[in-house]
Amino acid sequence: MNFINLPQLVDMRGKLESNGSYSKRTKSITHRVWHHSLTKKDLGGSDAASFAGYHVNTLGWPGIGYTFVIEPKNAINTPNGKRARIVYVNDIDRRTYHVGNSNQFSLGICVAGEYRYDTMDDATLASIAELHAALVKDGIGKYDKAHNEMLGYSWKACCQYNYRDAFDWKGSKTPAKPAPAPEVYTIQEGDTL
Ligand SMILES: [Zn+2]
(Lines give C-alpha, C1' and ligand atoms only; values in the text may rest on other atoms or scores of the structure.)
Protein backbone atom coordinates (compact mmCIF):
# COMPACT_ATOMS: atom_id res chain seq x y z
CA MET A 1 0.00 0.00 0.00
CA ASN A 2 1.55 3.28 -1.13
CA PHE A 3 -1.00 5.56 0.48
CA ILE A 4 -0.19 4.40 4.00
CA ASN A 5 3.41 5.60 3.58
CA LEU A 6 2.57 9.21 2.71
CA PRO A 7 4.38 11.31 5.37
CA GLN A 8 1.36 13.60 5.83
CA LEU A 9 -1.02 10.69 6.50
CA VAL A 10 -2.29 10.16 10.04
CA ASP A 11 -4.14 6.97 10.87
CA MET A 12 -7.16 7.75 13.04
CA ARG A 13 -9.17 4.63 12.29
CA GLY A 14 -11.10 3.63 15.39
CA LYS A 15 -10.18 6.83 17.21
CA LEU A 16 -13.01 9.12 16.10
CA GLU A 17 -16.53 9.30 17.44
CA SER A 18 -18.69 6.37 16.33
CA ASN A 19 -21.87 4.53 17.16
CA GLY A 20 -21.55 1.04 15.74
CA SER A 21 -19.60 0.11 12.65
CA TYR A 22 -19.97 0.12 8.89
CA SER A 23 -20.46 -3.19 7.12
CA LYS A 24 -17.98 -4.61 4.65
CA ARG A 25 -18.32 -3.68 1.00
CA THR A 26 -20.03 -6.29 -1.16
CA LYS A 27 -18.52 -4.77 -4.33
CA SER A 28 -14.95 -3.80 -5.14
CA ILE A 29 -14.10 -0.12 -5.32
CA THR A 30 -14.40 1.34 -8.80
CA HIS A 31 -15.02 5.02 -7.99
CA ARG A 32 -12.97 7.54 -6.03
CA VAL A 33 -15.45 10.26 -5.10
CA TRP A 34 -14.18 13.74 -4.23
CA HIS A 35 -16.03 15.91 -1.74
CA HIS A 36 -15.59 19.13 0.12
CA SER A 37 -17.07 19.72 3.54
CA LEU A 38 -19.03 22.96 2.94
CA THR A 39 -17.36 24.32 6.09
CA LYS A 40 -14.82 27.11 5.66
CA LYS A 41 -11.36 25.61 5.82
CA ASP A 42 -10.00 27.70 8.70
CA LEU A 43 -12.91 27.07 11.07
CA GLY A 44 -12.35 24.95 14.17
CA GLY A 45 -14.90 22.42 12.91
CA SER A 46 -13.18 21.84 9.57
CA ASP A 47 -11.53 18.57 10.46
CA ALA A 48 -12.14 14.84 10.55
CA ALA A 49 -13.01 14.77 14.26
CA SER A 50 -15.76 17.37 13.81
CA PHE A 51 -17.20 15.66 10.72
CA ALA A 52 -17.31 12.39 12.68
CA GLY A 53 -19.27 14.11 15.45
CA TYR A 54 -21.72 15.56 12.94
CA HIS A 55 -22.24 12.29 11.06
CA VAL A 56 -22.75 10.28 14.25
CA ASN A 57 -24.74 12.70 16.41
CA THR A 58 -26.74 14.69 13.86
CA LEU A 59 -27.12 12.26 10.96
CA GLY A 60 -27.19 9.09 13.10
CA TRP A 61 -24.57 7.27 11.02
CA PRO A 62 -22.27 4.56 12.49
CA GLY A 63 -19.21 6.77 11.98
CA ILE A 64 -17.66 9.39 9.77
CA GLY A 65 -18.90 8.88 6.21
CA TYR A 66 -15.58 9.11 4.33
CA THR A 67 -12.42 7.03 4.08
CA PHE A 68 -10.01 9.98 3.92
CA VAL A 69 -10.25 13.58 5.10
CA ILE A 70 -7.72 16.18 3.96
CA GLU A 71 -7.38 19.02 6.49
CA PRO A 72 -6.00 22.31 5.05
CA LYS A 73 -5.86 23.94 8.49
CA ASN A 74 -3.50 21.25 9.76
CA ALA A 75 -0.36 21.68 7.70
CA ILE A 76 2.51 19.27 8.30
CA ASN A 77 6.16 19.81 7.36
CA THR A 78 7.30 16.75 5.41
CA PRO A 79 10.57 15.96 3.60
CA ASN A 80 8.71 16.99 0.41
CA GLY A 81 7.54 20.34 1.81
CA LYS A 82 4.43 21.59 3.54
CA ARG A 83 1.41 19.32 3.18
CA ALA A 84 -2.18 19.34 4.39
CA ARG A 85 -2.76 16.50 6.83
CA ILE A 86 -4.51 13.45 5.37
CA VAL A 87 -6.54 11.61 7.98
CA TYR A 88 -7.26 7.94 7.29
CA VAL A 89 -10.59 7.43 9.07
CA ASN A 90 -12.17 4.16 7.87
CA ASP A 91 -10.78 0.91 6.50
CA ILE A 92 -10.78 0.89 2.70
CA ASP A 93 -13.12 -2.13 2.66
CA ARG A 94 -15.90 -0.44 4.71
CA ARG A 95 -19.05 0.70 2.95
CA THR A 96 -19.26 4.16 4.46
CA TYR A 97 -22.10 6.58 3.73
CA HIS A 98 -21.40 9.39 1.28
CA VAL A 99 -23.09 8.69 -2.05
CA GLY A 100 -26.21 6.66 -1.19
CA ASN A 101 -26.82 3.98 -3.78
CA SER A 102 -23.18 4.09 -4.89
CA ASN A 103 -21.60 3.56 -1.46
CA GLN A 104 -20.78 -0.11 -2.11
CA PHE A 105 -18.28 0.68 -4.84
CA SER A 106 -17.25 4.24 -3.98
CA LEU A 107 -14.38 5.50 -1.86
CA GLY A 108 -15.09 8.86 -0.21
CA ILE A 109 -12.38 11.51 0.03
CA CYS A 110 -13.32 14.81 1.65
CA VAL A 111 -11.20 17.93 1.39
CA ALA A 112 -12.21 20.17 4.29
CA GLY A 113 -13.24 23.59 3.06
CA GLU A 114 -16.02 25.53 1.38
CA TYR A 115 -14.67 25.90 -2.14
CA ARG A 116 -17.41 28.18 -3.39
CA TYR A 117 -15.55 30.77 -1.27
CA ASP A 118 -12.25 29.28 -0.07
CA THR A 119 -9.12 29.18 -2.22
CA MET A 120 -7.10 26.01 -2.16
CA ASP A 121 -3.48 26.35 -1.04
CA ASP A 122 -0.47 24.47 -2.43
CA ALA A 123 -0.13 22.25 0.65
CA THR A 124 -3.68 21.00 0.05
CA LEU A 125 -3.26 20.60 -3.71
CA ALA A 126 -0.11 18.57 -3.06
CA SER A 127 -1.91 16.27 -0.63
CA ILE A 128 -4.74 15.70 -3.11
CA ALA A 129 -2.25 14.94 -5.90
CA GLU A 130 -0.14 12.62 -3.76
CA LEU A 131 -3.10 10.73 -2.27
CA HIS A 132 -4.57 10.35 -5.75
CA ALA A 133 -1.29 9.08 -7.20
CA ALA A 134 -0.89 6.61 -4.33
CA LEU A 135 -4.44 5.25 -4.71
CA VAL A 136 -3.91 4.83 -8.46
CA LYS A 137 -0.68 2.89 -7.79
CA ASP A 138 -2.44 0.81 -5.17
CA GLY A 139 -5.21 -0.06 -7.61
CA ILE A 140 -7.89 1.39 -5.33
CA GLY A 141 -10.60 2.61 -7.73
CA LYS A 142 -10.57 3.22 -11.47
CA TYR A 143 -12.61 6.37 -11.99
CA ASP A 144 -12.54 9.76 -10.33
CA LYS A 145 -15.79 11.62 -9.83
CA ALA A 146 -17.02 14.65 -7.98
CA HIS A 147 -19.92 14.01 -5.59
CA ASN A 148 -22.27 15.81 -7.96
CA GLU A 149 -21.20 13.60 -10.86
CA MET A 150 -22.59 10.55 -9.08
CA LEU A 151 -26.02 9.24 -9.93
CA GLY A 152 -28.74 11.14 -8.06
CA TYR A 153 -26.45 13.94 -6.83
CA SER A 154 -26.36 16.45 -9.68
CA TRP A 155 -28.09 18.94 -7.35
CA LYS A 156 -25.18 18.93 -4.87
CA ALA A 157 -22.71 21.82 -4.68
CA CYS A 158 -19.90 19.35 -4.18
CA CYS A 159 -17.03 19.30 -4.75
CA GLN A 160 -16.65 22.86 -6.21
CA TYR A 161 -12.93 22.53 -6.92
CA ASN A 162 -11.38 21.13 -10.06
CA TYR A 163 -10.24 17.75 -8.80
CA ARG A 164 -8.63 16.86 -12.15
CA ASP A 165 -6.45 19.98 -12.03
CA ALA A 166 -5.59 19.14 -8.43
CA PHE A 167 -4.36 15.66 -9.45
CA ASP A 168 -2.12 17.35 -12.01
CA TRP A 169 -0.39 19.44 -9.35
CA LYS A 170 2.55 17.04 -9.57
CA GLY A 171 1.74 15.41 -12.86
CA SER A 172 -0.26 12.53 -11.47
CA LYS A 173 -3.29 13.26 -13.65
CA THR A 174 -4.94 10.17 -15.07
CA PRO A 175 -6.88 10.27 -18.33
CA ALA A 176 -10.61 10.72 -17.97
CA LYS A 177 -12.35 7.41 -18.47
CA PRO A 178 -16.05 7.06 -19.12
CA ALA A 179 -17.72 5.47 -16.11
CA PRO A 180 -19.98 2.47 -16.72
CA ALA A 181 -23.67 3.15 -17.19
CA PRO A 182 -25.35 3.73 -13.82
CA GLU A 183 -27.82 1.38 -12.31
CA VAL A 184 -31.30 2.61 -11.39
CA TYR A 185 -31.11 4.98 -8.47
CA THR A 186 -32.99 4.24 -5.26
CA ILE A 187 -32.84 6.30 -2.10
CA GLN A 188 -31.16 4.46 0.74
CA GLU A 189 -29.41 4.88 4.03
CA GLY A 190 -26.61 7.37 3.84
CA ASP A 191 -28.36 9.75 1.48
CA THR A 192 -28.37 13.34 2.58
CA LEU A 193 -31.36 14.78 0.83
ZN1 LIG B 1 -19.95 15.74 -1.12
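Residues numbered from 1 in each chain as written. Predicted model: local features only at pLDDT ≥ 70, side-chain atom pairs only at ≥ 80, totals over all residues. Heavy atoms only, no water.

Novice: Summarise the overall build of the chain; cite the residues concerned and give the values.
Specialist: A tally of regular secondary structure across the chain gives 3 helices and 6 strands. Each helix (α) and strand (β) of the chain, taken in turn from the N terminus, gives the series β-β-α-β-β-β-α-β-α. The burial tally for the chain puts 53% of its 193 residues in the buried class. As presented, the chain carries roughly 8900 Å² of accessible surface, and 49% of it is formed by carbon and sulfur atoms. (Helix = DSSP H or I, 4+ residues; strand = E, 2+ residues; numbered from the N terminus. Buried < 20%, exposed > 50% of the residue type's maximum accessible area, 1.4 Å probe, protein only. Areas by Shrake-Rupley, 256 points an atom, 1.4 Å probe, with all protein chains shown as cover.)

Novice: Tell me about the sheet that holds strand S4 (residues 81-88), residues and numbers included.
Specialist: Taken together, 6 strands build an open sheet; the order of strands is S1-S4-S3-S5-S2-S6 and the sheet is mixed. At either end of the open sheet lies a strand with only one pairing partner, and these are strand S1 (9-11) and strand S6 (143-146). Strand after strand, the sheet turns through a mean of 35° between neighbouring axes, direction not considered. As defined by bridge partners, strand S2 (residues 31-36) adjoins strand S5 (residues 106-111) across 6 bridges and the pair is classed as parallel. Paired with His36 across the strands is Val111, a residue of S5. (Pairing = 2+ DSSP bridges. Axes fitted to C-alpha atoms, helices over the stretch in contact; angles between N-to-C directions.)

Novice: How would you summarise the pairing of S5 if you had to cite specific residues and measurements?
Specialist: Counting buried residues along S5, 6 of its 6 residues qualify, which places the element largely inside the surrounding structure. In S5, alternate side chains face the same way, and those of Ser106, Gly108 and Cys110 on one face and Leu107, Ile109 and Val111 on the other are all buried. Here strand S3 (residues 68-78) runs beside S5; their pairing, made up of 3 bridges, is parallel. Of the residues in S5, the one forming a bridge with Ile70 is Val111.

Novice: Run through the coordination of the zinc ion, naming residues and quoting values.
Specialist: Tetrahedral metal sites with four donors have an ideal angle of 109.5 degrees; octahedral sites with six donors have ideal angles of 90 or 180 degrees. Taken together, the protein donors to the zinc ion comprise His35 (ND1), His147 (ND1) and Cys158 (SG), at separations of 2.0 to 2.3 Å. Each donor residue of the zinc ion lies on the same chain, and together they follow the pattern H-x111-H-x10-C. In this pair, His35 is assigned in strand S2 and Cys158 in the loop between S6 and helix H3 (163-167), connecting sequence segments 123 residues apart. Cys158 shares its class with His35; the two are buried. (Donors = N, O, S within 2.8 Å, 3.2 Å for Na, K, Ca; no water.)

Novice: Residue-level account of the pattern of salt bridges, with values.
Specialist: Where charged atoms from two side chains of opposite charge approach closely, those side chains can pair. The tally for this structure, following the rule as stated, stands at 9 salt bridges. Notably, a salt bridge pairs Asp121 with Lys41, separated by 3.8 Å at the nearest N-O pair. Of the two residues, Asp121 is situated in the loop between S5 and helix H2 (122-138) and Lys41 in the loop between S2 and helix H1 (48-58); the sequence distance between them amounts to 80 residues. Among the residues examined, Asp121 registers a relative accessible area of 29% and is labelled partly exposed. (Salt bridge = Lys/Arg side-chain N within 4 Å of Asp/Glu carboxyl O.)

Novice: Report on H1, specifying residues and quantitative values.
Specialist: Among all positions of H1, only Ala48, Phe51, Ala52, Gly53, His55 and Val56 are buried. Its buried side turned inward, H1 meets S3, S4 and S5. Just beyond H1, the residue with positive phi is Gly60, at close to 75°. (Contact = heavy atoms within 4.5 Å.)

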